[in-house]
Amino acid sequence: MLFGPQDLRVEELPEPGTADGEALVEVQAATTCGTDVKMWRHGHRVLPPYPCRFGHETAGVRTDTGERVLVSDSVACGACDPCRAGRAQICRSPTWVLGGFAERIAAPAAALHPIPDGLPAEAAAMAEPLAAAVHAVARGTDANDVGILGGGPMGLMLTSLLVGQGRDVTVADPHEERREQAEELGANAAEGLDDRHALVFEAVGRVDAWRDAAAAAAPGGVVVLVGGCPSGTEVSFQTGPLHYEELEFRGSFHHSPEEIDEALAVLAADRALWRTLRGPTISLEQLPEALRAPTRGPSRKWVVNPRL
Ligand SMILES: [Zn+2]
Ligand SMILES: [Zn+2]
């Protein structure tokens, strides 16, 4: 339970109750990501009031049917304008499903996706962020020449998907270990994006990176902005390239339910990405320490196994 910023405690709680249309899932694995670090450090707009549960990359077993499932972090309302336009990822009033860092989680049945046979729970949990990468790729174009700014988990997930499509990918990251991970996945790697690319993905979530991504787009290019900056952040761009070179900036947020199924299929078909990003398996008690760990070195997703 999060009791406030940087106040995370492991507590015995009553079994979560299930409302109509919900199911109880026994958690087998919940992976950590940058959003968890933000939630732990400062709180987050989607967190319920403290004390609250969190953890949003969750895989486990339904206690009613025994089916292995990925628990999506949200269910779209289905009624707002974006939902009706087929853009569930920008639903105006989604129900967030948080609480994967626990032995059990109650979730709407609509949030549950069957895990393909043979795909381990810890790899399946990563389908949630991978679905956001699937979505970001769909927001881009089919250009062959791709630059990715950022070799964190999102940058590497994008790398894996785009290399898998046979594209020519360059990943920029100042950390040598992350450049090596990008190369392992079949990309070129550099400290920065020096050349300009037809398609650029920003996967850092900082003002300077948004600017660098814009500067790295070739004339007529498309920039997909994947990394979220703190709320209220403003960023300025040179107007010249936007106007005279018809650059296009596209936001990319979250994913649709179909993109989660696609991500699960990708993970089931090829383990290379999981092997690259897999971090140590830890217990719930070790989670605060893991969230506090500095984010240097290679990109890794910790796997919380609540039964340890
Ligand atoms: Zn995440
Ligand atoms: Zn909606």
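Refer to the structure above for everything that follows.
Trainee: Can you explain the overall build of the protein chain? Please cite residues and give values.
Mentor: Assigned secondary structure in the protein chain consists of eleven helices and 17 strands. In terms of C-alpha radius of gyration, the protein chain reaches 19 Å, essentially the compact-globule figure of 19 Å for 308 residues. For the protein chain, the spread of C-alpha atoms along the principal axes amounts to about 60 × 40 × 40 Å. Across the protein chain, the fraction of contacts at a sequence separation of at least 24, relative to all contacts at a separation of at least 6, is 69%. Summing over all exposed atoms, the protein chain offers an accessible surface of approximately 14,300 Å²; the carbon and sulfur share of this is 47%. For the protein chain, the distance from the average position of its 27 positive side-chain charges to the average position of its 43 negative side-chain charges is 3 Å.

Trainee: A description of the packing of aromatic side chains should follow, citing residues and the corresponding values.
Mentor: Applying the stated rule across the entire model yields two aromatic pairs. Plain terms: the ring middles of Phe-54 and Phe-101 are 5.0 Å apart, the flat faces sit at 80 degrees to each other, and that makes the pair edge-to-face. On the criterion of sequence distance, the pair formed by Phe-54 in the loop between helix H1 (34-42) and strand S4 (58-62) and Phe-101 in the loop between strand S7 (95-96) and strand S8 (104-108) is long-range, its members being 47 residues apart. On the basis of relative accessible area, Phe-101 is assigned to the buried category, the value being 11%. Aromatic side chains Phe-237 and Phe-249 sit 4.8 Å apart centroid to centroid with 65 degrees between the ring planes, which places their arrangement in the edge-to-face category. Within this pair, whereas Phe-237 is found in the loop between strand S14 (217-225) and helix H8 (239-244), its partner Phe-249 is found in strand S15 (residues 248-251), the two being separated by twelve residues in sequence. Judged by relative accessible area, which is 28%, Phe-237 ranks as partly exposed. For Phe-249, a relative accessible area of 26% corresponds to the partly exposed category. Lying across the ring of Phe-3, Arg-9 places its NZ or CZ 3.8 Å from the centre.

Trainee: With reference to specific residues and values, describe the coordination of the zinc ion (ligand 1).
Mentor: Looking at the zinc ion (ligand 1), the protein donor atoms are Cys-33 (SG), His-56 (NE2) and Glu-57 (OE), and they sit 2.1 to 2.2 Å from it. Along the chain, the residues that donate to the zinc ion (ligand 1) are spaced as C-x22-H-E. Highlighted residues: Cys-33 in the loop between strand S3 (22-31) and H1 and His-56 in the loop between H1 and S4, separated in sequence by 23 residues.

Trainee: Which residues make up the coordination of the zinc ion (ligand 2), and what values go with them?
Mentor: Octahedral six-donor coordination of a metal ideally yields angles of 90 or 180 degrees, compared with 109.5 degrees for tetrahedral four-donor coordination. The zinc ion (ligand 2) binds to the protein through Cys-77 (SG), Cys-80 (SG), Cys-83 (SG) and Cys-91 (SG), with metal-donor distances spanning 2.3 Å. Metal-centred angles of 103 to 121 degrees between the four donor atoms at the zinc ion (ligand 2) mark the site as tetrahedral. When the donors of the zinc ion (ligand 2) are listed by position in the chain, the intervening gaps give C-x2-C-x2-C-x7-C.

Trainee: Go over the pattern of salt bridges with me, naming the residues and quoting the values.
Mentor: The final tally for this structure, using the stated rule, is ten salt bridges. With a closest N to O distance of 3.4 Å, Arg-104 and Glu-15 form a salt bridge. With Arg-104 in strand S8 and Glu-15 in the loop between strand S2 (7-8) and S3, this residue pair connects regions lying 89 residues apart in the sequence. Residue Glu-15 is classed as partly exposed on the basis of its relative accessible area, which comes to 48%. For Arg-104, the salt bridge goes to Glu-26, with nearest N and O atoms at 4.0 Å. Within this pair, whereas Arg-104 is found in strand S8, its partner Glu-26 is found in strand S3, the two being separated by 78 residues in sequence. The network of salt bridges with shared partners includes Glu-15, Glu-26 and Arg-104.

Trainee: Quick one: what's the story with the pairing of S4, residue by residue and with numbers?
Mentor: Within S4, five of the five residues are buried, leaving the element largely enclosed by the surrounding structure. Relative to S4, S3 is paired through five bridges, and the arrangement is antiparallel. When the bridges of S4 are listed, Val-27 appears paired with Gly-60. As paired elements, S4 and strand S5 (residues 68-71) share four bridges and run antiparallel to each other. Looking at the pairing, Gly-60 lines up with Val-69 of S5.

Trainee: Any details on the nonpolar core? Residues and values, ideally.
Mentor: In this structure, Leu-130, Ile-148, Met-154, Met-157, Leu-158, Leu-162 and Phe-201 are the most contacted members of the largest nonpolar core, which totals 46 residues. Of the residues forming this core, the biggest block, eight residues, is contributed by helix H4 (residues 127-139). With near-sequence residues (within four places) excluded, Leu-130 lies in contact with Met-157, Leu-161, Ala-263, Val-266, Leu-267 and Leu-273. The next biggest cluster of nonpolar side chains, apart from the first, holds 29 residues, and it includes Trp-40, Val-46, Leu-287 and Ala-290.

Reading the values: the criteria
Residues numbered from 1 in each chain as written. Chains lettered and ligands numbered in written order. Predicted model: local features only at pLDDT ≥ 70, side-chain atom pairs only at ≥ 80, totals over all residues. Heavy atoms only, no water. Helix = DSSP H or I, 4+ residues; strand = E, 2+ residues; numbered from the N terminus. Rg over C-alpha atoms; globule rule 2.2 N^0.38 Å. Contact = heavy atoms within 4.5 Å. Areas by Shrake-Rupley, 256 points an atom, 1.4 Å probe, with all protein chains shown as cover. Lys, Arg positive; Asp, Glu negative; His and termini not counted. Charge placed at Lys NZ, Arg CZ, Asp CG, Glu CD. Phe/Tyr/Trp six-rings, centres within 6.5 Å; stacked < 30°, edge-to-face > 60°. Buried < 20%, exposed > 50% of the residue type's maximum accessible area, 1.4 Å probe, protein only. Lys NZ or Arg CZ within 6 Å of the ring centre and 35° of its normal. Donors = N, O, S within 2.8 Å, 3.2 Å for Na, K, Ca; no water. Tetrahedral: all angles 85-135°; square planar, octahedral: opposite > 155°, others 65-115°. Salt bridge = Lys/Arg side-chain N within 4 Å of Asp/Glu carboxyl O. Pairing = 2+ DSSP bridges. Core = buried A, V, L, I, M, F, W, Y, C linked by side-chain atoms within 4.5 Å.

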